[in-house]
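Commentary on secondary and tertiary structure
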There are 2 protein chains.
Amino acid sequence: MYIGVDLGGTNIAIGFVNSTGNIEFKREIPTKAFRKPEEIIEDIGNLILNMIRDYGISKKDIKAIGIGIPGLSNQSNGNVIFCVNLHWHDVPLKKILEQKLNIPVFSDNDATVAGLAEYEAGALRGVESGVLITLGTGIGGGIIINGQVYRGANGVASEIGHMVVGENYYDCNCGKNGCLETFASATAIINYAKKLLIESKNNSSILDKINGDLECLNAKIIFDSAKEQDEIALKAVNRLAKYLGVGIVNIINTIDPEVIALGGGVSYAGEYLRSLVEEHVEATKHFKKLPVGKIRLAQLGNEAGIIGAAMLGKYSLK
Amino acid sequence: MYIGVDLGGTNIAIGFVNSTGNIEFKREIPTKAFRKPEEIIEDIGNLILNMIRDYGISKKDIKAIGIGIPGLSNQSNGNVIFCVNLHWHDVPLKKILEQKLNIPVFSDNDATVAGLAEYEAGALRGVESGVLITLGTGIGGGIIINGQVYRGANGVASEIGHMVVGENYYDCNCGKNGCLETFASATAIINYAKKLLIESKNNSSILDKINGDLECLNAKIIFDSAKEQDEIALKAVNRLAKYLGVGIVNIINTIDPEVIALGGGVSYAGEYLRSLVEEHVEATKHFKKLPVGKIRLAQLGNEAGIIGAAMLGKYSLK
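Notes on the structure follow.

**Let's talk about the pattern of salt bridges**
Residue and element names in this part refer to chain B. According to the stated counting rule, one finds 28 salt bridges over all chains in the structure shown. For the salt bridge of Lys 314 with Glu 120, the shortest nitrogen-to-oxygen distance reads 2.9 Å. Placement of the pair is Lys 314 in helix α10 (residues 304-317) and Glu 120 in helix α3 (residues 110-121), with a sequence separation of 194 residues. Exposure class is identical for Lys 314 and Glu 120. Each is buried. For the salt bridge of Glu 271 with Arg 274, the shortest nitrogen-to-oxygen distance reads 2.8 Å. In this pair, Glu 271 and Arg 274 are both assigned in helix α9 (residues 271-284), three residues apart and thus about one turn of the helix distant. A residue is classified by how much of its surface remains accessible, and Arg 274, at 13% relative accessible area, is buried.

**Some remarks on unusual backbone geometry**
Residues and elements named next belong to chain A. Even without being glycine, Asn 211 reaches a positive phi, approximately 50°. With respect to the helices and strands, Asn 211 occurs in the loop between α6 (205-209) and α7 (219-227). Of note in the backbone geometry, Phe 287 takes a positive phi value of approximately 50° without being a glycine. By the element assignment, Phe 287 lies in the loop between α9 (271-284) and β13 (294-297). Its relative accessible area of 17% is what places Phe 287 among the buried residues.

**Some remarks on the packing of helix α8 (residues 231-255) of chain A against α9 of chain A**
Residues and elements named next belong to chain A. The interhelical angle for the contact between α8 and α9, taken along N-to-C directions, is 50°, at an axis separation of 8 Å. By the angle between their axes, α8 is oblique relative to α9. Of the two possible hands of crossing, α8 and α9 adopt the one that is right-handed. Between α8 and α9, the residues in contact are Leu 234, Val 237, Asn 238, Leu 240, Ala 241, Lys 242, Leu 244, Gly 245, Ile 248, Val 249 and Ile 252 and Tyr 272, Leu 273, Leu 276, Val 277, His 280, Val 281 and Thr 284, respectively. Here the residues of the contact of α8 with α9 are counted per class, giving 13 nonpolar, four polar and one charged.

**Remarks on the sheet that holds strand β11 (residues 148-149) of chain B**
Residues and elements named next belong to chain B. Pairing is mixed across the open sheet formed by five strands, whose spatial order is β11-β10-β9-β12-β13. The sheet is open, and its two borders are formed by β11 and β13 (294-297), each paired with just one other strand. Note that strand β10 (residues 139-145) and β11 share two bridges and pair antiparallel. Residue Ile 144 lies in a different strand from β11, and its bridge partner there is Val 149. Across the sheet, helix α8 (residues 231-255) touches β9 (130-135), β10, β12 (259-263) and β13, and the angle it forms with β9 is around 155°. Along the sheet, α9 contacts β9, β12 and β13; its crossing angle with β13, the most-contacted strand, is approximately 165°.

**Here's the deal with the relation of the copies chain A and chain B**
In this arrangement, two copies of a chain are superimposed by a rotation about an axis accompanied by a shift along the axis. Mapping chain A onto chain B calls for a screw motion: a turn of 180° about the axis and a shift of 0.0 Å along it, with 0.0 Å RMSD after fitting. These values place the two chain copies in the arrangement generated by a two-fold rotation axis. By C-alpha distance to the rotation axis, the residue of chain A lying nearest is Gly 166 of chain A, at 2.0 Å. When you check the interface residues of chain A against chain B, 100% turn up at the interface there too, and the contact is symmetric in its surfaces.

**Focus: the sheet that holds strand β6 (residues 80-83) of chain A**
Residues and elements named next belong to chain A. Strand order across the open sheet formed by three strands is β5-β6-β7, with antiparallel pairing between neighbours. This sheet does not close on itself; its edge strands, each paired only once, are β5 (72-73) and β7 (88-91). In terms of strand pairing, β5 meets β6 through two bridges, oriented antiparallel. Bridging from a neighbouring strand, Ser 73 pairs with Val 80 of β6.

**A word on the packing of aromatic side chains**
Residues and elements named next belong to chain A. Following the criterion strictly, the structure yields 16 aromatic pairs over all chains and no others. Ring centres of Phe 16 and Phe 25 lie 5.5 Å apart, and the angle between their planes is 70°; this geometry places the pair in the edge-to-face category. On the basis of relative accessible area, Phe 25 is assigned to the buried category, the value being 18%. When the ring of Tyr 119 is compared with that of Tyr 315, the centres are 6.3 Å apart and the planes differ by 55°; the resulting orientation is tilted. With Tyr 119 in helix α3 (residues 110-121) and Tyr 315 in helix α10 (residues 304-317), the pair connects residues that are 196 residues apart, well separated along the chain.

Parameters at a glance
Residues numbered from 1 in each chain as written. Chains lettered and ligands numbered in written order. Predicted model: local features only at pLDDT ≥ 70, side-chain atom pairs only at ≥ 80, totals over all residues. Heavy atoms only, no water. Salt bridge = Lys/Arg side-chain N within 4 Å of Asp/Glu carboxyl O. Helix = DSSP H or I, 4+ residues; strand = E, 2+ residues; numbered from the N terminus. Buried < 20%, exposed > 50% of the residue type's maximum accessible area, 1.4 Å probe, protein only. Axes fitted to C-alpha atoms, helices over the stretch in contact; angles between N-to-C directions. Parallel < 35°, antiparallel > 145°, perpendicular 65-115°, else oblique. Left-handed = near helix turned anticlockwise from the far one by under 90°. Contact = heavy atoms within 4.5 Å. Nonpolar A, V, L, I, M, F, W, Y, C, P; charged D, E, K, R; others polar. Pairing = 2+ DSSP bridges. Least-squares fit on C-alpha atoms with pLDDT ≥ 70 in both. Phe/Tyr/Trp six-rings, centres within 6.5 Å; stacked < 30°, edge-to-face > 60°.

This is the structure we're talking about:
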């Protein structure tokens, strides 16, 4: 059995995952991110001990603990280099938790870990190379090359959200202009739809759904309205799909992965989104006769965080 | 001994290369690209036989022949899928040449092969992962990952010239807008400098160097003028460096290679270009404290084509 920990800014979800990537037992607690890292890690350790007791197994049955973090890990010593949202810097996560539990601990970026989950048990299963793009508040990426998590020379590969794909009317949080994240994240489509709604002098069915309160706007409402042919929603969705297509073709033109999987909250728009993005990719990719750039929907939803974290242990111990 | 063949649209250069990547003997003939593929391949075979005779070795001393082509190879059967400039489509290059010479034949894209050369004996020596960007008439790329040529799932990886990095005032030959090739190739900087010269009503030292004939403009003249602080040349060079920086940061944000090497004709602008590009990359990369995205000049110049092609044999037989 492997343990997967999905450490988020709001909640910590922990699951017992078997060697084929199925979650057998799961619990969740609030992160309370305002606390010191040591307190949060203590909570994680205690929850794991309680779960082992309640599930009726012993520590010896756990081969490894994997932790997906919203930040960057040092693979050589297991320290968290940083998690912006948790205000963590150089936190010896592996060391503290291994001292407490005496079980091997591994950690990696949450999108990387989600990519590994899709590779083990989801949309990237059976491929030699694949990329998961997580479309949420921001955009993350997880890359598999030669059947292995690909991290790059400094562990900072797959920062796909900050690939420049055009020129945008507002700058990215990172300071650059034109990042994929500012075109194709949930935040981006909400911002753009708001802009269109304000400019359009309130002529859209979106406004009925949110009772005129732009603060209630979310990506689901925009996609739902697009499916009902609302013009503003269609314009916003098409822009997202177009630039996501540019980003995917850029990825293809760099690493030519066998499959690109779309995950994260925005991907819940489902086949409607997938086929729109596919159209843009097919129209602009090179080598149109080759099966380049197959696009699939991610399959594991929220559970990818726990499953991928657990599989981190499995692959690291290989 | 390995034989490397650099098959270009104008000339075919063939070299005998030892196992450490040094060219020991070299000859060149015109391609006469208007001919049938079989005639050109016959010429390559005959030149190799003559060189073996003249160098005083026997066919048994040659371990393999590698060929860098301006197009795409099928790695499973050795066919050339296409070379646009040579009008080749589905040409059984490996089969024909192996039948004639009875020596193992391998082929791959010319930029990929140049990347392998820089990895074996140039700017990428000793790295685990690296990218060569060839800045010529167009832009090509060669990617090394885990000490191996990286080709992608369909053999079409490293088409870096067609990564979209912004919006441009003219479309790329490929039909897209914003390709790196339209910002940072020799063709791109010439086009842009011409545009500036026409708009500026002929006020630039560039015009003296070309006697007012815009058709004589080349990248070297623009870089030379920029080094002399000519305003138009500086504007053109800075634009090239800026967008090349965007492309490099996009590559970093995808695969985080240890080193990025700049090759091709434009790279003969040397340290002046390298340091300008480095400035843009350092200013816009994430993780500024990490040694992410080291930028070097390619070291092998034109010889990269022969050396890399020869090393294709060495690595394929490993």
